[in-house]
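# Structural description and commentary
Spelled out from the first residue to the last, the chains are:
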Amino acid sequence: MDKLSNLEFDAAHIWHPYTSVAHPPVLHEVVSASGVKLRLCDGREIIDGMSSWWSTIHGYNHPRLNAAAHEQIDYMSHVMFGGLTHDPAISLSRKLIDITDESFQYVFLADSGSISVEVALKMAVQYWFAQGRAEKNRFLTFRSGYHGDTFGAMSVCDPVNGMHTMFESILPQHIFAPAPDCQHDKDWQDTYIAEFRELVEQRHFEMAGVIVEPLVQGAGGMRMYCAEYLRQIKQLCDQYDLLLIFDEIATGFGRTGSLFAYEQTGIVPDILCLGKALTGGYMTLAATLCNQKVSDGIAADGQGVLMHGPTFMANPLACRIAAESIDLLLESDWKQSVAAIEKQLQMELQPYSASLIVKQVRVKGAIGVVELNHPLDDMMEWLPEFIVEQGVWIRPFRTMIYIMPPYIISSNDLHQLCEAIGKIVAEIESRSEKS
Ligand code: PMP
């Protein structure tokens, strides 16, 4: 008989994201979640500032998403997508084609964000392969980017801080331009894109395309940058015939203030990756959309076979929930909610920039970041419990304390999150002074 408690068993046997089993992380056990609250096994309820890594935009345990899940599970939770199709995949794809730019005509339903990036990269490589240009197989991307943990996705993450340095020798070698540095179009100068342009001019003959996270770089450093970069990149892609991939896995579905970040740029990529909030955070599902140019290009070899087909492709349960989540989002006043969150984050987080340990406070849509001058790694022994003691769930990483709450959060709960960030900053400051 196993005598270990849940947390003891977990520490003894289970891997968590980016952790060691030799030095298990401090964990809190969640027993249920509802709205913006997580209920821990000791009875405490904490306000979620993370939307479970950008995904639970409608909050937890939403009656409409629950109903959709129950309804679908009585028909079928899964069926293979090879040789078969089903209404949940068709309805969801109709909606995705409807709500994105009219140039997006084809949908690949993948099983996670990383896989949708793999598919996007494959689409671009196959496009050139089918034109007899197999040498065009490298990607240009920004430093500080993050696109996932599978090998193809890792190869376009920041080569230094992308959490994957140790794999460098076995990853395909892509091409990296400096991380975007200009936050506002009004401050734009052409020097910002100079090195990027140079790399395109020198190496376009070996490039399949460009992949970037538009406007906000997520896990690679929570950097926010202006639309002018993307307009310049689009021009270069047109001029040198490169495919443009936007990874909107984090930014999609309203997070930056528009339904998709590309809407704020006036340009549209050839390939678009979506995930995370696609199912309202209920299930793992992602999508790679592409335009006619890409699909025609892949078909130029006379076959047009896209070489990907995971077991759980287009899982009906996930697709049904995703379709419901999109309806729920579009029927809600999400734009107003995100704008209100943005305003409150600006008002309540900006004062923390006065602290000596704070490097910068950044806000975009429903994303608030307090970047410190020093990494928090050596504080992870005490910090997670200190945060939970403030009645909130925030998960700092590297030098960043950041939140991206569910859109349904009340201003009171958001206030509590912002206040907690203030207390975290103050506590770190006072401990740093003592040591
Ligand atoms: N791209 C971006 C921009 C992401 O933020 C993430 C997840 N953090 C991924 C890709 C990978 O998605 P997943 O974790 O679902 O594989």
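Predicted model only: the values in this text are computed from it and were never measured.

When helices and strands are counted, the chain shows 13 helices and 16 strands. When the backbone C-alpha atoms are referred to their principal axes, the chain occupies close to 65 × 55 × 45 Å. Among the 435 residues that make up the chain, the fraction classed as buried is 53%. Of the contacts formed within the chain by residues at least 6 apart in sequence, a portion of 71% connects residues at least 24 apart. Looking at charge distribution, the chain has the averaged site of its 32 positive side-chain charges lying 2 Å from that of its 54 negative ones.

What surrounds the ligand is the set Ser112, Gly113, Ser114, Tyr146, His147, Gly148, Glu213, Asp247, Ile249, Ala250 and Lys276. The separation between a nitrogen atom of the ligand and a polar side-chain atom of lysine 276 is 2.9 Å. In isolation the ligand has 400 Å² of accessible area, and contact with the protein removes 80% of it. In terms of residue class, the shell around the ligand is made up of 3 nonpolar, 5 polar and 3 charged.

Using the criterion set out here, one finds 14 aromatic pairs in the structure. When the centroid spacing of 5.4 Å and the interplanar angle of 80 degrees are considered together, the rings of phenylalanine 142 and tyrosine 225 count as edge-to-face. Of this pair, phenylalanine 142 sits in strand β5 (residues 138-142) while tyrosine 225 is found in the loop between β9 (223-224) and α8 (227-240), placing the two residues 83 residues apart along the sequence. In this pair, the class of phenylalanine 142 matches that of tyrosine 225, namely buried.

Running from N to C, helix α4 (residues 87-99) and helix α10 (residues 316-331) cross one another at 35 degrees; their axes reach a closest spacing of 8 Å. When you trace α4 past α10, the crossing you get is left-handed. Across the interface between the two elements, Pro88, Ala89, Leu92, Lys95, Leu96 and Ile99 from α4 touch Pro316, Cys319, Arg320, Ala322, Ala323, Ile326, Asp327 and Leu330 from α10. Split by residue class, the contact of α4 with α10 holds 11 nonpolar, no polar and 3 charged.

Once that is clear, we can look at the nonpolar core. With 126 residues, the main nonpolar core has Leu92, Leu96, Phe196, Phe253, Val370 and Ile401 as its most contacted residues. Tallying contributions element by element places helix α5 (residues 113-130) first for this core, with 9 residues. When residues of this core are assigned to domains, at least three map to each of domain 1 (6-61 + 333-434) and domain 2 (75-331). When near neighbours in sequence (up to four residues on either side) are disregarded, phenylalanine 196 contacts Leu140, Phe142, Ala177, Val210, Ile233 and Leu236.

Before going further, it helps to examine the packing of helix α7 (residues 191-203) against α8. Contact pair α7 / α8: the axes reach a minimum separation of 11 Å and the direction vectors enclose 15 degrees. Between α7 and α8, the angle falls in the class roughly parallel. α7 and α8 meet at a crossing whose hand is right-handed. Across the interface between the two elements, Tyr192, Ile193, Phe196, Arg197, Val200 and Glu201 from α7 touch Tyr229, Gln232, Ile233, Leu236 and Tyr240 from α8. Per-class residue counts for the contact of α7 with α8 are 8 nonpolar, 1 polar and 2 charged.

A separate point is the pairing of strand β14 (residues 367-372). With 6 of 6 residues buried, β14 lies mostly within the body of the structure. Alternating residues of β14 divide into Ile367, Val369 and Glu371 and Gly368, Val370 and Leu372, and every residue in both groups is buried. Where strand β13 (residues 358-364) and β14 come together, 6 bridges link them in antiparallel fashion. Directly across from lysine 364, in β14, lies its bridge partner isoleucine 367.

Within the fold, serine 114 resides in helix α5. Filtering out sequence-adjacent residues up to four positions away, serine 114 remains in contact with His147, Gly148, Asp149, Thr150 and Ala153.

Under the UniProt annotation, "binding site: substrate" (unreviewed entry) lies at Trp53, Tyr146, Lys276, Gly309 and Arg395. A maximum C-alpha distance of 33.9 Å among these annotated residues, which run over 343 residues, shows that they spread across the structure rather than meeting at one spot. Mapping lysine 276 onto the fold places it in the loop between β11 (271-274) and β12 (286-291). Given a relative accessible area of 30%, lysine 276 falls into the partly exposed group. Among the polar contacts made by the side chain of lysine 276, one reaches the main-chain carbonyl oxygen of tryptophan 53 at a distance of 3.4 Å. Inspection of the secondary structure puts glycine 309 in the loop between α9 (292-299) and α10.

Moving on, we come to the domain arrangement of the chain. Domain boundaries assigned for the chain yield domain 1 (6-61 + 333-434) and domain 2 (75-331). Taking only C-alpha atoms into account, the centre of domain 1 sits 27 Å from that of domain 2. In this complex, domain 1 contributes 28 residues to the contact, which on the side of domain 2 involves 34 residues. Note on domain 1 versus domain 2: buried area summed over both sides is about 2600 Å², and carbon and sulfur give 61% of it. Viewed at the interface, domain 2 and domain 1 are joined by 0 salt bridges. In this structure, the connection of domain 1 to domain 2 is made through 15 residue pairs in polar contact (both at pLDDT 80 or more). Breaking the side of domain 1 that touches domain 2 down by element, the ones donating at least two residues are α2 (51-54), α11 (334-349), β13, β14 and β16 (400-403). The biggest single contributor to the side of domain 1 that touches domain 2 is β13, with 4 residues. Here the residues of the side of domain 1 that touches domain 2 sort into 16 nonpolar, 7 polar and 5 charged.

The rules behind each value
- Residues numbered from 1 in each chain as written.
- Predicted model: local features only at pLDDT ≥ 70, side-chain atom pairs only at ≥ 80, totals over all residues.
- Heavy atoms only, no water.
- Helix = DSSP H or I, 4+ residues; strand = E, 2+ residues; numbered from the N terminus.
- Buried < 20%, exposed > 50% of the residue type's maximum accessible area, 1.4 Å probe, protein only.
- Contact = heavy atoms within 4.5 Å.
- Lys, Arg positive; Asp, Glu negative; His and termini not counted.
- Charge placed at Lys NZ, Arg CZ, Asp CG, Glu CD.
- Near = heavy atom within 4 Å.
- Polar contact = N/O pair within 3.5 Å; in protein donor to acceptor, adjacent residues only side chain to side chain.
- Areas by Shrake-Rupley, 256 points an atom, 1.4 Å probe, with all protein chains shown as cover.
- Nonpolar A, V, L, I, M, F, W, Y, C, P; charged D, E, K, R; others polar.
- Phe/Tyr/Trp six-rings, centres within 6.5 Å; stacked < 30°, edge-to-face > 60°.
- Axes fitted to C-alpha atoms, helices over the stretch in contact; angles between N-to-C directions.
- Left-handed = near helix turned anticlockwise from the far one by under 90°.
- Core = buried A, V, L, I, M, F, W, Y, C linked by side-chain atoms within 4.5 Å.
- Domains from an automatic or database assignment.
- Parallel < 35°, antiparallel > 145°, perpendicular 65-115°, else oblique.
- Pairing = 2+ DSSP bridges.
- UniProt positions renumbered as here; feature names shortened; annotations may be inferred.
- Buried area = accessible area lost by both parts, 1.4 Å probe.
- Salt bridge = Lys/Arg side-chain N within 4 Å of Asp/Glu carboxyl O.

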